[in-house]
Amino acid sequence: MGKTTTKNLVRDVCAAFGSTVATRGNQNNELGVPRTLLAADPETAVVVVEMGMRGMGQIAELCDFVRPDWGLVTNVGESHIELLGSRENIARAKAELFAALPAGTGRAFLNLDSPALGILMDAGRLGERPVALSGFDGHPDGAAVELYEREAVACDEVVWAEDVALDAEGRPCFTLCARDRADEGDLSLFAPVERCRCALALTGAHNVDNAVAAAAVGFALGLDLETIASALGASVPEPGRQEVIAARGGFTIVNDAYNASPDSMRASLATFAATDVAGRRIAVLGDMGELGSFAEPCHAGVGAAAAEAGLHRLICVGELAASIAEGAAAAGMDAARISRAATVADVLEELDTLLEPGDAVLVKASHFMGLNRVVEGLVR
């Protein structure tokens, strides 16, 4: 979750360092990755490569020809759990990136708030080889902040966020903080903490994690925090990812229809709930793929999150989304505010009679559901 957004943020930060080539869109498979590499030339300072996987060995295969110097894992969610069977196995598959980093010159960027941190480090053999470590934390608790201020934990560098707040449109602002070792020869010496205010054009508190990850890359490149914060603030969302569209009918569309996982669904609903809306909040949620036997409870959990989001209406699209409706009702949402739709045409017909000026509608599902057609129908 968050790979493409983080890749874009890393790209924009690295562009402040030098000529940068990055994966276009989410072309992160065995066809798109070499296409990214072939776009680089001798003048390119940084190549940012997004890597996707659905099973064990796939990231390792990409690393065989990418030969990464630095590697960053955003988090470990429930995407691809159908084939991998558990979060632990998902972490092991992602750790193939860390295992491919070169001894002596490699650097791993670690989410210090991830419950899977230990698995990532062990499976990536980071304790066995001389690979530099950079840590990042988008939402540290008080004890973690105190630790980061006092020392750089097990990492050479740590970047984190403090004082996170959302504006009326759900865009985060926070204090970007960083520190590194003052003397590489003496691991007990640490530089003073650097701080800088940062405001994102992206929406959602979850994007603080992505922004701080990108900031850690910029800090490792030697950029100052002001330059990093400026690059982060200028970064805009990809189409279909928390894209806010003002429709001619006077209502707002939050187009998050590109893809979905249980974690990203919950994050999107939390962002939607935190955004000021003049009228009513309406969510159109569809099936999530690659969940296998976990599909029913994962969809029901999203329904529970929808019930807590203060929605006026929840429209569920698809067979698996039936469990979203059931989960919302079980969590206390009024059944009269929950509806089922079989097709995009059904959704548009219901919204045509429902939407009024000032309303906001969130659209989100896995890519195969094609709910971008709902957005297209509303924009026309």
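The structure presented is a predicted model; accordingly, all values stated were derived computationally and were not measured.

### Looking at the pattern of salt bridges
Consideration 1: Per the stated rule, a full pass over the model turns up 14 salt bridges.
Consideration 2: Linking Arg 195 and Glu 162 is a salt bridge whose minimum nitrogen-to-oxygen distance equals 3.2 Å. Of the two residues, Arg 195 sits in strand 8 (residues 194-199) while Glu 162 sits in strand 6 (residues 157-166), which places them 33 residues apart along the sequence.
Consideration 3: With relative accessibility at 39%, the residue Arg 195 sits in the partly exposed group.
Consideration 4: A salt bridge links Asp 359 to Arg 280, with the shortest nitrogen-to-oxygen separation between them at 2.7 Å. Taken together, the positions of Asp 359 in the loop between helix 14 (344-354) and strand 14 (360-364) and Arg 280 in the loop between helix 11 (262-274) and strand 11 (281-286) put the pair 79 residues apart, joining distant regions of the chain.
Consideration 5: Through salt bridges with shared partners, a single ionic network connects Arg 87, Asp 263 and Arg 266.

### Topic: the pairing of strand 13 (residues 338-341)
Consideration 1: Pairing of strand 12 (residues 313-317) with strand 13 involves four bridges; the strand directions are parallel. Considered in strand 13, the bridge of Val 317 is made with Ala 341.
Consideration 2: Each parallel crossover has a hand, and for strand 12 linked through helix 13 (residues 322-330) to strand 13 it is right-handed.

### Quick word on the packing of aromatic side chains
Consideration 1: Scanning all chains against the criterion turns up two aromatic pairs.
Consideration 2: Ring centres of Tyr 148 and Trp 160 lie 5.3 Å apart, and the angle between their planes is 50 degrees; this geometry places the pair in the tilted category. Of this pair, Tyr 148 sits in helix 8 (residues 142-150) while Trp 160 sits in strand 6, placing them twelve residues apart in sequence. One exposure class covers both Tyr 148 and Trp 160, and it is buried.

### Some points on the pairing of strand 7 (residues 172-180)
Consideration 1: The buried count for strand 7 comes to seven of nine residues, which makes it a mostly enclosed element.
Consideration 2: Pairing of strand 6 with strand 7 involves eight bridges; the strand directions are antiparallel. Residue pairing in the sheet places Ala 165 in a bridge with Cys 173 of strand 7.
Consideration 3: Linkage of strand 6 to strand 7, two consecutive antiparallel strands, is achieved through a turn of five residues, within which Gly 170 is found at a positive phi near 80 degrees.

### Details of the environment of Gly 279
Consideration 1: Considering the arrangement of structural elements, one finds Gly 279 in the loop between helix 11 and strand 11.
Consideration 2: The exposure class assigned to Gly 279 is partly exposed, which follows from its relative accessible area of 32%.
Consideration 3: Residues Gly 279 and His 312, 33 residues apart in the sequence, show an inter-C-alpha distance of 9.5 Å.
Consideration 4: Not counting chain neighbours up to four residues away, the residues in contact with Gly 279 comprise Gly 358 and Asp 359.

### Considerations on helix 14
Consideration 1: Buried within helix 14 are the following residues: Val 344, Val 347, Glu 350, Leu 351 and Leu 354. What you see down the axis of helix 14 is that its buried residues fit within an arc of 130 degrees, all on one side. Among the exposed residues of helix 14, those pointing more than 90 degrees away from its buried face are Ala 345, Glu 349, Asp 352 and Thr 353.

### A short note on the packing of helix 11 against helix 12 (residues 295-307)
In a packed pair of helices, the relevant descriptors are the angle between the two axes and the axis-to-axis distance.
Consideration 1: Close contact between helix 11 and helix 12 brings their axes to 9 Å; oriented N to C, the two are set at 5 degrees. As far as their axial angle goes, helix 12 and helix 11 are roughly parallel. Contact with helix 11, carried on its side by Pro 262, Met 265, Arg 266 and Leu 269, involves Cys 298, Val 302, Ala 305 and Ala 306 of helix 12 and no other residues of that element.
Consideration 2: Tallied by class, residues from the contact of helix 11 with helix 12 come to seven nonpolar, no polar and one charged.

### Structural notes on the packing of helix 1 (residues 3-14) against helix 10 (residues 225-234)
Consideration 1: Running from N to C, helix 1 and helix 10 point in directions that differ by 130 degrees, and their axes come no closer than 8 Å. If you check the angle between helix 1 and helix 10, you find them oblique. Like other packed secondary-structure pairs, helix 1 and helix 10 cross with a definite hand, here right-handed. Packed against helix 1, whose contacting residues are Leu 9, Asp 12 and Val 13, the element helix 10 presents Ile 228, Ala 231 and Leu 232 at the interface.
Consideration 2: Looking at the contact of helix 1 with helix 10 residue by residue, the classes come out as five nonpolar, no polar and one charged.

About the cut-offs
- Residues numbered from 1 in each chain as written.
- Predicted model: local features only at pLDDT ≥ 70, side-chain atom pairs only at ≥ 80, totals over all residues.
- Heavy atoms only, no water.
- Salt bridge = Lys/Arg side-chain N within 4 Å of Asp/Glu carboxyl O.
- Helix = DSSP H or I, 4+ residues; strand = E, 2+ residues; numbered from the N terminus.
- Buried < 20%, exposed > 50% of the residue type's maximum accessible area, 1.4 Å probe, protein only.
- Pairing = 2+ DSSP bridges.
- Right-handed = clockwise from strand over helix to strand, strands pointing away.
- Phe/Tyr/Trp six-rings, centres within 6.5 Å; stacked < 30°, edge-to-face > 60°.
- Contact = heavy atoms within 4.5 Å.
- Arc of directions from axis to C-beta.
- Axes fitted to C-alpha atoms, helices over the stretch in contact; angles between N-to-C directions.
- Parallel < 35°, antiparallel > 145°, perpendicular 65-115°, else oblique.
- Nonpolar A, V, L, I, M, F, W, Y, C, P; charged D, E, K, R; others polar.
- Left-handed = near helix turned anticlockwise from the far one by under 90°.

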